[in-house]
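Structure assessment
Take a look at the letters that make up each chain.
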Amino acid sequence: DVVSKVIGFIEESSPIVINPALRALWALCLNNDSHQQVARASEVIEFLVDQLTTHSTTMETKSFILRAVASICGKNYKNQEIFRLNEKGIHVLVGNLLLCNSDEETNEQLGEATSIAIWCLSTGNSRMQTTMREKQGLVPLVQMVQGNPENPVIMLNAMGALTELCRRCSANKKIVNEADIQDLLGPITSHENEAVSDQAKQLRSILS
């Protein structure tokens, strides 16, 4: 089937083919449970984590990988857990957050993709709440919101991730509130981008 063929192209890792193939995988798995199952069975999630931690993988390819991960794992608990339980998975995401917060060029290339991956991996998954807290990924997400006033997509994704990570989780709420997010969210609730302002309101209400 088409998903398996696309995964075959990705695993060949040809520089010419890999980025279009990753983009195709993203599109095929988006909100598609049966395609997400094929991806899980093919063990492509483990392959993608390995590629994220390989020095030869370009920033552009890492960005496509993160978006593919977001699509494969979005609203799919089994796939989220394969990523979460991989010893390198969450480590690389938190590392990306720290790099994005300290380096403008990395943020431009990986900020959007890293934050959407975390949001999709956290949706409906209480175990991600614990893991992200233990790996100290919460405060860097707050810093992503703070550091990207000119990038509504990163703000939206980071607030979306924080909303999921703090939902019915008092330990995470405490950490995020202590990072002074409430002062930050006030002005964002009247942001000109409706999706951003709505997400800020949702996060604010979950944190209160």
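See the structure above.
One structure accompanies this document, and this report is about it. From a predicted model like this one, the values you see are computed outputs, not experimental measurements. (Residues numbered from 1 in each chain as written. Predicted model: local features only at pLDDT ≥ 70, side-chain atom pairs only at ≥ 80, totals over all residues. Heavy atoms only, no water.)

So, the overall build of the chain
As a reminder of what qualifies: Only DSSP runs of H or I reaching four residues or more are called helices, and only runs of E reaching two or more are called strands; each is numbered from the N terminus. Each radius of gyration reported is based on C-alpha atoms, and the globular scaling rule is 2.2 Å times the count of residues to the power 0.38. Summary of the burial criterion: residues with accessible area below 20% of their type's maximum are buried, those above 50% are exposed, and those between are partly exposed, where the area comes from a 1.4 Å probe applied to protein chains only. The contact criterion used throughout is that any non-hydrogen atoms of two residues lie within 4.5 Å. Note on areas: Shrake-Rupley with a 1.4 Å probe; residue coverage comes only from the protein chains shown.
On a plain count of helices and strands, the chain comes out with 14 helices and 0 strands. Taken from the N to the C terminus, the helices and strands of the chain come in the order α-α-α-α-α-α-α-α-α-α-α-α-α-α. A compact globule built from 208 residues would reach a C-alpha radius of gyration of about 17 Å, and the chain, at 17 Å, matches this within 12%. Considering only C-alpha atoms, the chain reaches an extent of 50 × 30 × 30 Å along its principal axes. Buried residues in the chain amount to 49% of all 208 residues. The contacts of the chain with a sequence gap of at least 6 include a subset with a gap of at least 24, amounting to 71%. Carbon and sulfur atoms provide 50% of the accessible area of the chain, an area that totals close to 10,000 Å².

Considering the nonpolar core
Short version of the rule: Take the buried residues of types Ala, Val, Leu, Ile, Met, Phe, Trp, Tyr and Cys, join any two whose side-chain atoms come within 4.5 Å, and each joined set is a nonpolar core.
If you look at the biggest cluster of nonpolar residues, it comprises 62 residues, and the most contacted ones within it are Ile10, Leu25, Leu48, Ile72, Phe83, Met132 and Leu141. Counting residues per element, this core draws most heavily on helix H11 (residues 152-166), at 9 residues. Those residues within four positions of Phe83 in sequence are excluded, and the remaining contacts are Ile45, Val49, Val69, Cys73, Gly89, Ile90, Leu93 and Leu121.

Details of the side chain of Lys62
Selection criterion: As used throughout, the charge tally considers Lys and Arg to be positive and Asp and Glu to be negative, leaving His and the chain termini uncounted. Take a side-chain nitrogen of Lys or Arg and a carboxyl oxygen of Asp or Glu: if they are within 4 Å of each other, that pair is a salt bridge.
Tracing the sequence through the fold places Lys62 in helix H5 (residues 59-73). This buried residue, Lys62, is left without a salt bridge; Asp103 holds the nearest opposite charge, at 11 Å. Each residue touching Lys62, except ones within four places of it in the same chain, is listed here: Leu52, Thr54, Thr57 and Leu110.

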